[in-house]
Amino acid sequence: MNIIDAHMHFSDIASFRECGLRTSVVEYSEAGYKSEAAACGIVRSICMGLSERPPSVFPDNGAETPMLADLSGGPPPPEILLCLGINPHTLTHGAIDKMEEALIVGNNCGNIVGIKIYAGYYHYDVNDPIYAPAFDFAERHNLPVAIHSGDTYSEKGKLIYSQPLSIDTLAVDRPDMRIIICHMGAPWIYDGCEVAGKNKNVYMDLSGLLVGDAAFFESMLQKQLIVDRYKQALMMMDGYDKVLFGTDWPLAPMASYIEFCKALVPPDAYQKVFFENARYVYNITDGTA
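Below is a summary of the structure that appears in this document. (Residues numbered from 1 in each chain as written. Predicted model: local features only at pLDDT ≥ 70, side-chain atom pairs only at ≥ 80, totals over all residues. Heavy atoms only, no water.)

### A closer look at the environment of Asp213
Okay, so step 1: Structurally, Asp213 can be placed in the loop between strand E7 (202–205) and helix H7 (214–221).
Okay, so step 2: Placed 191 residues apart in sequence, Asp213 and Arg22 show a C-alpha to C-alpha distance of 8.9 Å.
Okay, so step 3: Asp213 has contacts with Thr23, Ser24, Val25 and Pro253, leaving out every residue within four places of it along the chain. (Helix = DSSP H or I, 4+ residues; strand = E, 2+ residues; numbered from the N terminus. Contact = heavy atoms within 4.5 Å.)

### What about the pairing of strand E2 (residues 42–48)?
Okay, so step 1: Of all 7 residues in E2, 6 are buried, a share of seventy percent or more.
Okay, so step 2: Across 4 bridges, the pairing between strand E1 (residues 3–8) and E2 is parallel. Considered in E2, the bridge of Ile3 is made with Ile42.
Okay, so step 3: Relative to strand E3 (residues 80–86), E2 runs parallel, the two sharing 4 bridges. Of the residues in E3, the one forming a bridge with Ser45 is Ile80. (Buried < 20%, exposed > 50% of the residue type's maximum accessible area, 1.4 Å probe, protein only. Pairing = 2+ DSSP bridges.)

### A look at helix H8 (residues 224–235)
Okay, so step 1: When the terminal C-alpha atoms of H8 are compared, their 16 Å separation across 12 residues agrees well with the 16 Å that a helix rising 1.5 Å per residue should span.
Okay, so step 2: Within the sequence span of H8, burial applies to Val227, Tyr230, Ala233 and Leu234. Projected onto a plane normal to the axis of H8, the buried residues spread over an arc of 130° and lie on a single side. For H8, the exposed residues lying more than 90 degrees away from the buried face are Leu225 and Met235.
Okay, so step 3: On its buried face, H8 sits against helix H6 (189–198), E7, H7, strand E8 (243–244) and helix H9 (254–262). (Expected span 1.5 Å × (residues − 1). Arc of directions from axis to C-beta.)

### What to know about the nonpolar core
Okay, so step 1: Counting residues in each nonpolar core, the largest one holds 101 residues, and the members touching the most others are Ile46, Met184, Leu234, Phe260 and Tyr282.
Okay, so step 2: Beyond its immediate sequence surroundings of up to four residues, Met184 is in contact with Ile189, Gly192, Cys193, Met204, Asp205, Leu206, Leu209, Tyr230, Ala233 and Leu234. (Core = buried A, V, L, I, M, F, W, Y, C linked by side-chain atoms within 4.5 Å.)

### With respect to the environment of His89
Okay, so step 1: The topology assignment puts His89 in the loop between E3 and helix H3 (93–105).
Okay, so step 2: When its relative accessible area of 38% is taken as the criterion, His89 is described as partly exposed.
Okay, so step 3: Spatially, the C-alpha atoms of His89 and Ala63 are 8.3 Å apart, while their sequence positions differ by 26 residues.
Okay, so step 4: Excluding residues within four positions of it along the chain, His89 makes contact with Asn61, Tyr122 and Tyr124.
Okay, so step 5: In terms of polar contacts, His89 uses its side chain to reach the side chain of Asn61, at 3.4 Å. (Polar contact = N/O pair within 3.5 Å; in protein donor to acceptor, adjacent residues only side chain to side chain.)

### Quick look at the packing of helix H2 (residues 30–40) against H9
Okay, so step 1: Two elements in contact, H2 and H9, have axes separated by 9 Å at closest approach and are oriented at 40°. Judged by the inter-axis angle, H2 sits oblique to H9. Taking contact as the criterion, the partners of Tyr33, Glu36, Ala37 and Cys40 in H2 are, on H9, Met254, Ala255 and Ile258.
Okay, so step 2: Tallied by class, the residues present in the contact of H2 with H9 amount to 6 nonpolar, no polar and 1 charged. (Axes fitted to C-alpha atoms, helices over the stretch in contact; angles between N-to-C directions. Parallel < 35°, antiparallel > 145°, perpendicular 65-115°, else oblique. Nonpolar A, V, L, I, M, F, W, Y, C, P; charged D, E, K, R; others polar.)

### A word on the sheet that holds E7
Okay, so step 1: Reading across from one edge, E1-E2-E3-E4-E5-E6-E7-E8 is the order of the 8 strands in this open sheet, with parallel pairing throughout. The outermost strands of the open sheet, each flanked by one partner alone, are E1 and E8.
Okay, so step 2: Pairing of strand E6 (residues 179–181) with E7, which is carried by 3 bridges, proceeds in the parallel orientation. Across the sheet, residue Ile179 finds its bridge partner in E7, namely Val202.

### Side note on the side chain of Arg174
Okay, so step 1: With respect to the secondary-structure elements, Arg174 resides in the loop between helix H5 (165–173) and E6.
Okay, so step 2: A residue is classified by how much of its surface remains accessible, and Arg174, at 15% relative accessible area, is buried.
Okay, so step 3: Within polar-contact distance, the side chain of Arg174 engages the side chain of Glu139 at 2.6 Å.
Okay, so step 4: With residues near it in sequence (within four places) discarded, Arg174 still touches Ala132, Phe135, Asp136, Glu139 and Asn201.

As structure tokens, then:
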């Protein structure tokens with residue numbers, strides 16, 4: 001089965017390197033990505049652009065918008081597609097100009113398929129007018145908007161800004177803009193599923209539900225209460241047409257996370273969840289069939 005990983009990282013972030021070394025036990029490098037992806041049948045990955053200037057400062061209020069994917073010191077490999085990361089503190093007219101240029105000529109960014117909002121990490125509600133230029137850009141170019149939702153991988157995050165119910169207002173006010181609730185909004189997964197189920201323009205990805213190594217995920221699969229909680233929430237959506245697989249790599253080994261997510265959806269939905277839905281939402285047409 002060919003797989004599209006609809007949410008991963010490929011940026012030089014100190015906490016990601018630390019996670020790869022000590023928690024998920026993956027090689028967080030271009031070589032490590034290619035090795036895991038090839039072994040798992042991952043044919044495309046969608047990277048969430050992110051950057052920090054000095055190490056260990058994410059979320060960095062001074063990071064330039066758009067935030068990109070700089071793990072290998074240049075553009076990511078062609079099989080990695082990019083959501084331009086938005087820092088609201090640097091979302092200026094000049095930043096929008098750079099985003100326009102990157103979309104048209106590449107600007108050493110790789111293939112751009114969306115934008116990413118780091119709600120909670122940056123202390124603004126998703127409906128704050130500060131984000132309007134980014135959403136206008138997305139609508140102008142028919143690009144989906146991935147929004148971090150739920151717990152943050154940083155103590156600096158403020159959860160009041162990452163509760164998924166806030167996305168309902170955004171979805172109603174911008175009905176033509178495709179929105180992806182990242183991480184199911186965990187731990188508010190029932191709220192996340194309600195918002196995605198209610199609004200025709202809202203989807204969700206399964207990335208980052210848990211963080212750990214292969215042994216950790218094997219143990220989680222034996223905890224039926226945990227597995228059933230996610231399964232029950234997803235069943236509220238009355239189908240799997242709006243659910244996208246993602247690993248949040250390097251926060252989990254790709255193979256282990258695939259097996260964990262397979263336990264959350266029925267086998268007859270695998271093709272949609274692991275491939276077709278991401279292909280549709282992110283407008284991926286280049287040789288992935």
